[in-house]
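Working through the structure, step by step
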Amino acid sequence: MTTPVTKTGPEPSDTGTPSDLRRKLVRSNRRRQYTALALLAPALVLMTFAFVLPIGGLLINAVQAPVFVDTAPQLAAALRAWDGKAMPNEDTHRLLVEEFGRTYQDKTLARASTRVNYERSGMRSLIMKTGRRAKRLEAPYRKALQKISPDWGELTTWHALKAASSPLTDRFVLQAVDLKRDFDAGISQVDPRKRVYV
């Protein structure tokens, strides 16, 4: 009788080929990455809403000031086209009277005048007084405005309006570091008595 031969070699491995191992390793790593991302997601959402969005809003508000443009769009356009070297023409004075009169009636002039007051102190009261009397003014508007206040005959008054006639401004950023923009001289330091950082 023949005795069966028993093979004593290594048993076949059930771990698969090297390519199968790589695929399993990739899937395992991907699961770990997804798990880590899922754990980080709440913190990322919190940081976005608590820090990124508020800081972004502050940065936008630091350079965006469209209130005067939105309130008196035709006057703002005329002031942007004006070179600022001589007094504006009669048509610009007419636009000022018309738009200040209209916006005084619809209660939107106050916010616009506050924006201009950042450029030159005293402008808010001047603009509100002008808006209140605008409906009674008649051409020539240059003389009519100067009868309300001699300030309307000064270039610096119109420079303040021109500075507010753009929807973007660097005033607030400059002011934060004790600087200011002059119409002719460019950027300079503010008066020592008004400086925060001496």
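Everything below is about the structure printed above this text.
The structure reproduced in this document is the subject of the present report.

The next thing to look at is the overall build of the protein chain. Scanning the protein chain from terminus to terminus reveals nine helices and two strands. Mapped in sequence order, the helices and strands of the protein chain form the string α-α-α-α-α-α-α-α-α-β-β. Considering the protein chain as a whole, with its 198 residues, one finds that 28% of them fall into the buried category. Sequence separation of 24 or more characterises 62% of the internal contacts of the protein chain that already satisfy a separation of 6 or more. Put simply, the protein chain shows about 13700 Å² of open surface, and 59% of that area lies on carbon and sulfur atoms.

Our focus in this paragraph is the environment of E154. For E154, the position within the fold is in the loop between helix 7 (141-148) and helix 8 (155-163). Taking the C-alpha atoms as reference points, E154 and A86, separated by 68 residues in sequence, lie 9.8 Å from one another. Those residues in contact with E154, other than ones at most four positions away along the chain, are M87 and R120. Within the structure, E154 has its side chain in polar contact with the side chain of R120 (distance 3.2 Å).

On to a positive patch on the surface, then. Taken together, the side chains of K24, R27, R30, R31 and R32 present a region of like positive charge at the surface. Assignment of secondary structure puts R27 in helix 1 (residues 18-63). Using a relative accessible area of 41% as the deciding quantity, one classes R27 as partly exposed.

Below, the discussion takes up the packing of helix 5 (residues 109-119) against helix 6 (residues 123-133). Direction vectors running N to C along helix 5 and helix 6 enclose 145 degrees, while the axes themselves pass 8 Å from each other. In this structure, the crossing between helix 5 and helix 6 has a hand that is right-handed. Counting all contacts with helix 5, which are made through L109, A110, S113, T114, V116 and N117, the residues of helix 6 involved are M123, R124, I127, M128 and G131.

Here the focus is unusual backbone geometry. The amide bond that connects A139 to the next residue, P140, takes the cis arrangement and shows omega of 0 degrees. Despite not being glycine, K107 shows a phi value in the positive range, around 70 degrees. On the secondary structure map, K107 appears in the loop between helix 4 (90-105) and helix 5. Positive phi outside glycine occurs at D178, with the angle close to 65 degrees. Looking at the secondary structure, you find D178 in the loop between helix 9 (171-176) and strand 1 (179-182).

Definitions and cut-offs
Residues numbered from 1 in each chain as written. Predicted model: local features only at pLDDT ≥ 70, side-chain atom pairs only at ≥ 80, totals over all residues. Heavy atoms only, no water. Helix = DSSP H or I, 4+ residues; strand = E, 2+ residues; numbered from the N terminus. Buried < 20%, exposed > 50% of the residue type's maximum accessible area, 1.4 Å probe, protein only. Contact = heavy atoms within 4.5 Å. Areas by Shrake-Rupley, 256 points an atom, 1.4 Å probe, with all protein chains shown as cover. Polar contact = N/O pair within 3.5 Å; in protein donor to acceptor, adjacent residues only side chain to side chain. Patch = residues over 30% accessible without salt bridge, like charges linked within 9 Å, V, L, I, M, F, W, Y side chains within 5 Å. Salt bridge = Lys/Arg side-chain N within 4 Å of Asp/Glu carboxyl O. Lys, Arg positive; Asp, Glu negative; His and termini not counted. Charge placed at Lys NZ, Arg CZ, Asp CG, Glu CD. Axes fitted to C-alpha atoms, helices over the stretch in contact; angles between N-to-C directions. Left-handed = near helix turned anticlockwise from the far one by under 90°.

Note that every value here comes from positions in space, so none of it alone points to a role or purpose.
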